[in-house]
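What the coordinates show
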Amino acid sequence: MGQTTGTTETPRQSFRLGDWLVEPSLDRISRDGRIVQLRPRAMDVLGALAAAAGALAPKRKLIDAVWRTEFVSEHALTQVIAELRAALGDNAKNPIYIENIPRKGYRLVAAVTPLTAAEPVVREMALPLRLHGEGREFPLTQGSNVIGRTADAAVCVDRTEVSRCHARVVVNGTTATVEDLGSKNGTFLNGQRLRQPTVLADGDEIWIGRSIARFRYLIDGEPTQTEHTVT
């Protein structure tokens, strides 16, 4: 990745950003066993920043590279940058990954290092995890899966008794944890109101309120061992 401000083509090969492993083909980043799933749009922005490899990536070039023919405002880019910072654990006021250059654009502060052909990528293989309820199946992805009334929730329950972001199931490798997000009507696990994040077991029932909606947590298949692949 040369020192250039061009962002016409984002890298799809895996690379390291500081201590994070970035896998564009899987839309995820990982560090110390923690896996964070990114939206494809967010991964495209991160890839465009990585293509500049520390040089300034102007806002308009980032938008053109990621959104292409779509007309969007700079606000859309700002939202994605905030999303990336949250995933990376970055601070806008004291950045260690993404720096804002006022009125110009953004640049990566952390080093961008392509993986060599001989360097293995260690992936913790997750089981197929899902929720079953409301007559539907809801596959769970790595990271946060929000249950709520908001339209972009992983599990959307469009009822007035349900909070916009009611609860969430956080998947990390082969482990899933459910927690309430301060909802008005509460979240229950196997009939008991959740007071703190709790690890789920196969067959557990998550209740949104006592009678609004119920979902069964299901694990398909057997655990898969850690996979070592060479990029």
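Note that this is a predicted model, so its numbers are computed, not measured.

1. Here we look at the environment of Leu49
Assignment of secondary structure puts Leu49 in helix α1 (residues 40–52). Once the C-alpha coordinates of Leu49 and Ile98 are considered, the two residues, 49 residues apart in sequence, prove to be 8.7 Å apart. When neighbours within four sequence positions are excluded, Leu49 is seen to be in contact with Ala57, Leu62, Ile81, Ile98, Tyr106, Arg107 and Leu108.

2. Topic: the nonpolar core
Counting 35 residues, the largest nonpolar core has Leu17 and Ile29 as the members making the most contacts within it. Among the elements that take part in this core, α1 stands out by supplying eight residues, more than any other. Dropping the residues within four chain positions of it, Leu17 is found in contact with Val22, Leu46, Leu88, Tyr97, Leu108, Ala110, Ala111 and Val112. Ranked by size, the runner-up nonpolar core spans 21 residues in total, among them Ile147, Val157, Val178 and Phe215.

3. Looking at the pairing of strand β10 (residues 129–133)
Regular strands have side chains that alternate between both faces of the sheet. Residues of β10 alternate between two faces, with Leu129, Leu131 and Gly133 buried on one and Arg130 and His132 left unburied on the opposite face. Here four bridges tie β10 to strand β20 (residues 213–219), and the two strands are oriented antiparallel to one another. Within β20, the residue paired with His132 across the bridge is Arg216. Judged from the four bridges that link them, β10 and strand β11 (residues 136–139) form a sheet pairing that is antiparallel. Across the sheet, the residue bridging to Leu131 is Phe138, located in β11. In textbook terms, the turn of a hairpin is the stretch between consecutive antiparallel strands, and for β10 and β11 this stretch comprises two residues, one of which, Glu134, has a positive phi near 55°.

How each quantity is defined
- Residues numbered from 1 in each chain as written.
- Predicted model: local features only at pLDDT ≥ 70, side-chain atom pairs only at ≥ 80, totals over all residues.
- Heavy atoms only, no water.
- Helix = DSSP H or I, 4+ residues; strand = E, 2+ residues; numbered from the N terminus.
- Contact = heavy atoms within 4.5 Å.
- Core = buried A, V, L, I, M, F, W, Y, C linked by side-chain atoms within 4.5 Å.
- Buried < 20%, exposed > 50% of the residue type's maximum accessible area, 1.4 Å probe, protein only.
- Pairing = 2+ DSSP bridges.

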